Amino acid sequence: MIWSAARALIIRDLHLLWRRRGDALQPALFALLVIVLFALALGSEAQTLAKVAPGVLWVAVLLSGLLSLDTLFRGDAEDGSLEQWMLAPVPLAWLVLVRTLTHWATTALPLIVFAPLLAELLHLPHAQLPVLLTSLLLGTPLLSLLGAVVAALTVGMRRSGILVALLALPLYVPVLVFAAGSVAAGAQGLDPTGGLLFLAAGLVLALVLAPLATAAALRIAHA
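An account of the accompanying structure is given in this report. Computed from a prediction, not measured in an experiment: that's the story for all the values here.

In this section: the overall build of the protein. Secondary structure assignment for the protein yields 11 helices and 0 strands. Of the regular secondary structure in the protein, the N- to C-terminal order runs α-α-α-α-α-α-α-α-α-α-α. Scaling as 2.2 N^0.38, a compact globule of 223 residues should have a C-alpha radius of gyration of about 17 Å, and the protein matches this with 18 Å. Seen through its principal axes, the protein has C-alpha atoms that stretch 55 × 35 × 30 Å. Partitioning the intrachain contacts of the protein with sequence separation of at least 6 by distance along the chain shows that 80% fall at a separation of at least 24. If you average the places of the 11 positive and of the 10 negative side-chain charges in the protein, the two averages end up 8 Å apart.

Following this line, the structure appears as structure tokens:
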């Protein structure tokens with residue numbers, strides 16, 4: 001039953017995303033805009049851009065994820081779907097996990113696919129690209145899981161976009177530090193494995209605890 005519920009939720013989310021496909025492109029376009037502005041501001045010197053490329057790419061991905069974070073559960077709360085989630089014969093945490101991973105797949109995953117092209121804009125050395133992609137694959141789902149907790153806490157508030165960003169950014173900073181730091185360590189000839197292992201451990205922990213915390217926050221918001 002849980003798999004049929006997950007499949008139905010994914011199909012519904014994809015249908016809604018297709019209807020609002022213009023809005024779905026906003027995170028990717030925002031990330032591209034941030035990267036282009038950084039490239040223009042720092043000039044055309046390849047060495048300068050290469051030094052800041054990991055941080056710029058990660059900041060662009062992080063900020064683009066914040067754009068759609070406020071709407072993660074808000075639409076379900078407004079149309080009554082969230083109440084049906086709570087009454088469904090499947091765990092609420094499971095539905096939360098499915099929604100969060102779908103959100104990640106439709107917002108962050110396209111950026112990961114185009115990360116090599118974005119890295120070329122910043123003259124990132126090709127040798128650093130595998131570490132960058134690994135950090136994105138480990139870090140972006142972690143950002144989505146942490147952001148889901150914040151989105152659930154503020155789902156009952158109106159105009160909570162700024163509040164969501166203020167609450168989420170402190171949680172995002174460690175992910176940003178370990179992710180961009182691992183790429184920078186690789187660029188300096190150091191072993192980037194430590195930072196990647198921290199991201200992997202954080203992702204495993206978040207996969208277990210974040211859906212439970214998000215489900216509890218949604219119940220509190222609708223109590």
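After that view, the rundown keeps rolling.
A separate point is the nonpolar core. Among the nonpolar cores identified, the biggest contains 65 residues, and Leu69, Phe73, Leu122 and Leu132 are the most heavily contacted of them. A per-element tally of this core places helix H9 (residues 129-153) first, with 13 residues.

As a packed pair, helix H4 (residues 46-67) and H9 sit with axes 11 Å apart at the nearest point and diverge in direction by 25 degrees. Taken together, the axes of H4 and H9 are roughly parallel relative to one another. With respect to the hand of their crossing, H4 and H9 are arranged in right-handed fashion. Of the residues in H9, those touching H4 at Leu57, Trp58, Val61 and Leu62 are Leu132, Ser135, Leu136, Gly139, Thr140 and Leu143. Taken together, the residues of the contact of H4 with H9 break down into 7 nonpolar, 3 polar and no charged.

So, about the side chain of threonine 140. Mapped onto the secondary structure, threonine 140 falls in helix H9. With relative accessibility at 3%, the residue threonine 140 sits in the buried group. Looking at threonine 140, its side chain comes within polar contact range of the side chain of tryptophan 104, at 2.8 Å. Apart from the residues within four sequence positions on either side, threonine 140 is in contact with Trp58, Val61, Trp104, Ala108, Ile112 and Ser135.

Time to look at the packing of aromatic side chains. Tallying each qualifying case throughout the model produces 1 aromatic pair. With a centroid separation of 4.8 Å and 15 degrees between ring planes, the pair formed by phenylalanine 178 and phenylalanine 198 is classed as stacked. With a gap of 20 residues between them, phenylalanine 178 in helix H10 (residues 161-187) and phenylalanine 198 in helix H11 (residues 193-221) connect regions that are remote in the sequence.

Reading guide: rules and limits
- Residues numbered from 1 in each chain as written.
- Predicted model: local features only at pLDDT ≥ 70, side-chain atom pairs only at ≥ 80, totals over all residues.
- Heavy atoms only, no water.
- Helix = DSSP H or I, 4+ residues; strand = E, 2+ residues; numbered from the N terminus.
- Rg over C-alpha atoms; globule rule 2.2 N^0.38 Å.
- Contact = heavy atoms within 4.5 Å.
- Lys, Arg positive; Asp, Glu negative; His and termini not counted.
- Charge placed at Lys NZ, Arg CZ, Asp CG, Glu CD.
- Core = buried A, V, L, I, M, F, W, Y, C linked by side-chain atoms within 4.5 Å.
- Buried < 20%, exposed > 50% of the residue type's maximum accessible area, 1.4 Å probe, protein only.
- Axes fitted to C-alpha atoms, helices over the stretch in contact; angles between N-to-C directions.
- Parallel < 35°, antiparallel > 145°, perpendicular 65-115°, else oblique.
- Left-handed = near helix turned anticlockwise from the far one by under 90°.
- Nonpolar A, V, L, I, M, F, W, Y, C, P; charged D, E, K, R; others polar.
- Polar contact = N/O pair within 3.5 Å; in protein donor to acceptor, adjacent residues only side chain to side chain.
- Phe/Tyr/Trp six-rings, centres within 6.5 Å; stacked < 30°, edge-to-face > 60°.

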